[in-house]
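Each chain, written out:
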Amino acid sequence: MSRSSIEVVAGHNDRGNAVPIESVANILDRELKPLISDWFARVEKEPDLTCIPLNFEERTGHLPRLMHDVTARLRLDAETRAAISKAAAHHGDLRRRQGYPVEMLIEESRLLQVCIFTTLHKNVKNLEFTKLLPDVVTIADEVDAQLKQQMQHFKAADARTMARSF
């Protein structure tokens, strides 16, 4: 059985109006553009990340696909094993071609988690609290799994380069 998208209308906002309670996945889908903008703003404040000059699209183009994989994972049954993220593999290859060291990939991933959790905090009135902690665990696990996939492809590309040079 999959997780439901929107639960029930419950609770009230500051004006006394009913507030729709949404799944974490739906909130992240709805807030994708602001989340990406927040991530980009945070990245732009990090000299360790901006030492490689990239425009907005070059820096953020991978995020919609990675976030789609996160929200797809959130919608799976808890017992269902998630597919390996092809978007993460592609991102690892891309960042290597762009000249990133592995530390920058790790920092980007960390900032993505910060932005995801900040987005959820901004939407706290809409969250279904009974599923929040399990969803936070799922998000952290998925983002870390994506980082692992990025690293594997990054290292494999390095190995191919080294093999060609001999």
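Just so it is clear, the structure is predicted and the values come from calculations on it, not from any experiment. (Residues numbered from 1 in each chain as written. Predicted model: local features only at pLDDT ≥ 70, side-chain atom pairs only at ≥ 80, totals over all residues. Heavy atoms only, no water.)

Student: Would you take a moment to explain the overall build of the protein chain for this structure?
Tutor: Of regular secondary structure, the protein chain possesses eight helices and two strands. Ordered by position from N to C terminus, the α and β elements of the protein chain give β-β-α-α-α-α-α-α-α-α. Expressed as a percentage of contacts within the protein chain between residues at least 6 apart in sequence, the contacts between residues at least 24 apart total 73%. When the accessible surface of the protein chain is split by element, carbon and sulfur atoms take 59% of a total near 9,500 Å². (Helix = DSSP H or I, 4+ residues; strand = E, 2+ residues; numbered from the N terminus. Contact = heavy atoms within 4.5 Å. Areas by Shrake-Rupley, 256 points an atom, 1.4 Å probe, with all protein chains shown as cover.)

Student: Is there a simple way to think about the packing of aromatic side chains in this case?
Tutor: The relation between two aromatic rings is expressed through the spacing of the ring centres and the mutual angle of the planes. Applying the stated criterion to the full structure yields one aromatic pair. Here the aromatic rings of Phe-40 and Phe-56 are separated by 4.8 Å at their centres, their planes lie at 70°, and the arrangement is edge-to-face. With a gap of 16 residues between them, Phe-40 in helix α2 (residues 32–44) and Phe-56 in helix α4 (residues 56–60) connect regions that are remote in the sequence. Classification of Phe-40 by relative accessible area gives buried; the value is 18%. By relative accessible area, which is 39% here, Phe-56 ends up partly exposed. (Phe/Tyr/Trp six-rings, centres within 6.5 Å; stacked < 30°, edge-to-face > 60°. Buried < 20%, exposed > 50% of the residue type's maximum accessible area, 1.4 Å probe, protein only.)

Student: Teacher, can you tell me more about the confidence of the model for the protein chain here?
Tutor: Low-confidence regions, as indicated by low pLDDT, have predicted coordinates that should not be scrutinised in detail. In this model, the protein chain carries an average pLDDT of 87, and 85% of its residues clear a pLDDT of 70 or more. Averaged pLDDT values for the elements of the protein chain fall to 46 in strand β1 (residues 6–12) and rise to 98 in α2. Counting interchain partners and residues more than four positions distant, the pLDDT-below-50 stretch residues 1–10 has 26 contacts. (pLDDT = per-residue confidence, 0-100.)

Student: What exactly am I supposed to notice about the side chain of His-62 here?
Tutor: The residue His-62 is located in the loop between α4 and α5 (63–74) in this model. In this structure His-62 comes out as buried when scored by relative accessible area, which is 4%. Of the polar contacts made by the side chain of His-62, one reaches the side chain of His-91; its length is 3.3 Å. Excluding its chain neighbours within four sequence positions, the residues that come into contact with His-62 are Trp-39, His-91, Arg-95 and Glu-108. (Polar contact = N/O pair within 3.5 Å; in protein donor to acceptor, adjacent residues only side chain to side chain.)

Student: Please explain the pattern of salt bridges as it appears in this structure.
Tutor: Any two side chains of opposite charge can pair, so long as their charged atoms come close to each other. Tallying each qualifying case throughout the model produces nine salt bridges. In this structure, Glu-108 and Arg-95 form a salt bridge, with 2.9 Å as the shortest nitrogen-oxygen distance. With Glu-108 in helix α7 (residues 102–122) and Arg-95 in helix α6 (residues 86–97), this residue pair connects regions lying 13 residues apart in the sequence. Arg-95 gets classed as buried once you look at its relative accessible area, which sits at 0%. Residues joined by salt bridges that share partners form a network here, namely Glu-22, Arg-30 and Glu-31. (Salt bridge = Lys/Arg side-chain N within 4 Å of Asp/Glu carboxyl O.)

Student: Please explain the environment of Ala-41 as it appears in this structure.
Tutor: Among the secondary structure elements, Ala-41 is positioned in helix α2. Under the relative-accessibility criterion, Ala-41 is labelled partly exposed at 34%. For the pair Ala-41 and Phe-56, spaced 15 residues apart in sequence, the C-alpha separation works out to 10.0 Å.

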